[in-house]
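# A structural walkthrough
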Amino acid sequence: MKLSVIILNYNVRYFLELCLRSVEAAVSNIDAEIIVIDNNSPDDSCEMVKHLFPKVKLIENKTNGGFSTGNNIGIKQAKGEYLCILNPDTVVAEDTFTTLLRFADTLPDLGLLGCKLIDGKGDFLPESKRNIPTPMVSIQKLLGYSEPYYANHLSPDQIGKVAMLVGAFMIVKKTVYLEVGGLDEDYFMYGEDIDLSYKVLKAGYQNYYNSDTTVIHFKGESTLKDKTYAKRFNGAMQLFFKKHFKPNWLFNILIWIGIKIVSIFYPKGEATSSNVSEYVFISNDKNLQLQHTLDKNMETQERVSNYVPHVEYILDLNFLGFKRAIKILLGNQKNSPSTFKFLLTSSQVILGSNSSKSRGEVIHIKNN
């Protein structure tokens, strides 16, 4: 088998469904399997997977053991030559895996492979490619100077070697993953991708970033940016330095101060950040039920001719497909007030996320 797609889920039922729809389309011409590990979600994620995706291998954990533990449970059952560790709040294009696997097969020194990630508004996510977060680099980031933290020697649209990749999307040969010990289960959430990237580099492999394909990472779903996130992330970074760098009392003091500051001043995530004046449905079919659901005017058109401020574009995936939908987001200007939702016909909802610091939104379509 060529590929095993590993998706760890916790309590994001509709975003998981959207992710699985895209992954199924992306592996249709690949000898692949999809494994979903559910970390004891209180919602109906497991029932949804069983009903809508009977070919997906579902592992139902009875406890939430964290990101590393959950992924390792799924990887133990994986049969693929390559593994793709994938967040449930992502959307891949139909050719994402074929593009990246073709590239991977040309690299004898391949460690981890990542791609271009954008958020739910189309903005590039700089954590797609990062440098080694040495104590000095991390202190600078903590103090608001993040330039050294990100791998800016490559533009978002280039291809090349990078040090660190992000756990929301990474491809690795299973043999390499096992050789370096996989995701370290000492990390509950956050930091384990940095740890894995660093272990792969120390083992003599190279990590690569490839912008030939783009993946949406809504981000606010699995990593809501609030005070708890800040504490966990900084705690994970402390663990990383303890494992891989010599103890430094000055650094430990600065990190401790940073955690206290962030815990006090870090903004709480909000439910939504949009200010929608009207909707545009991108489809070849007028959806009267959708129009009835929305409380503002909705027009239907088959393409986005321009991006209008305070208009929310609802993308019909049955009409557009995933790659065309991703391309529409890419066309949005950075910090544009335009926002997007995706229509999931199978569950009669529209969903999306307007900010990496907030929860996404799921709107159920009325029957009449």
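This text follows the structure it describes.
I will try to describe carefully the structure that is included in this document. The structure presented is a predicted model; accordingly, all values stated were derived computationally and were not measured. One numbering rule holds for all chains: residues counted from 1, following each sequence as written. Two thresholds apply to this predicted model, a pLDDT of at least 70 for residue-level local features and 80 or more for giving and counting side-chain atom pairs, whereas whole-chain, interface and lining totals are computed over all residues. The basis for the side-chain values is all heavy atoms of the structure; hydrogens and waters are excluded.

### Comments concerning the packing of aromatic side chains
Short version of the rule: For Phe, Tyr and Trp, where Trp contributes only its six-membered ring, two rings pair if their centres lie within 6.5 Å, and the inter-plane angle classes them as stacked under 30 degrees, edge-to-face over 60, or tilted in between. With a 1.4 Å probe rolled over the protein chains alone, any residue whose accessible area is under 20% of its type maximum counts as buried; one over 50% counts as exposed, and the rest are partly exposed. Charges are assigned to positions over rings by a cutoff of 6 Å between ring centre and Lys NZ or Arg CZ, combined with an angular limit of 35 degrees from the ring normal.
Counted according to the given criterion, the structure contains eight aromatic pairs. Seen in terms of ring centroids, Tyr307 and Tyr313 are 6.1 Å apart; in terms of plane orientation they differ by 70 degrees. Their pairing is edge-to-face. The exposure class assigned to Tyr313 is buried, which follows from its relative accessible area of 1%. Cluster of aromatic residues (ring-pair linked, three or more members): Phe15, Phe218 and Phe342. One Lys or Arg, Lys129, reaches over the ring of Tyr209 and ends 6.0 Å from the middle of that ring.

### Some thoughts on helix H4 (residues 96-104)
Our working rule: Only DSSP runs of H or I with at least four residues qualify as helices, and only runs of E with at least two residues qualify as strands; both kinds are numbered from the N terminus onward.
Of all nine residues in H4, seven are buried, a share of seventy percent or more. Of all the positions in H4, only Thr96, Phe97, Thr99, Leu100, Leu101, Phe103 and Ala104 are classed as buried.

### Here's the deal with the pattern of salt bridges
Using the following cut-off: Whenever a carboxyl oxygen of Asp or Glu lies within 4 Å of a side-chain nitrogen of Lys or Arg, that contact is scored as a salt bridge.
One pass over the full model with this rule turns up 14 salt bridges. For the salt bridge of Arg13 with Asp44, the shortest nitrogen-to-oxygen distance reads 3.5 Å. Residue Arg13 is located in helix H1 (residues 13-26), and its partner Asp44 is located in the loop between strand S2 (32-39) and helix H2 (45-52); the two are separated by 31 residues in the primary sequence. Since its relative accessible area comes to 11%, Arg13 is described here as buried. Measuring nitrogen to oxygen at the nearest pair gives 2.7 Å for the salt bridge that ties Asp157 to Lys116.

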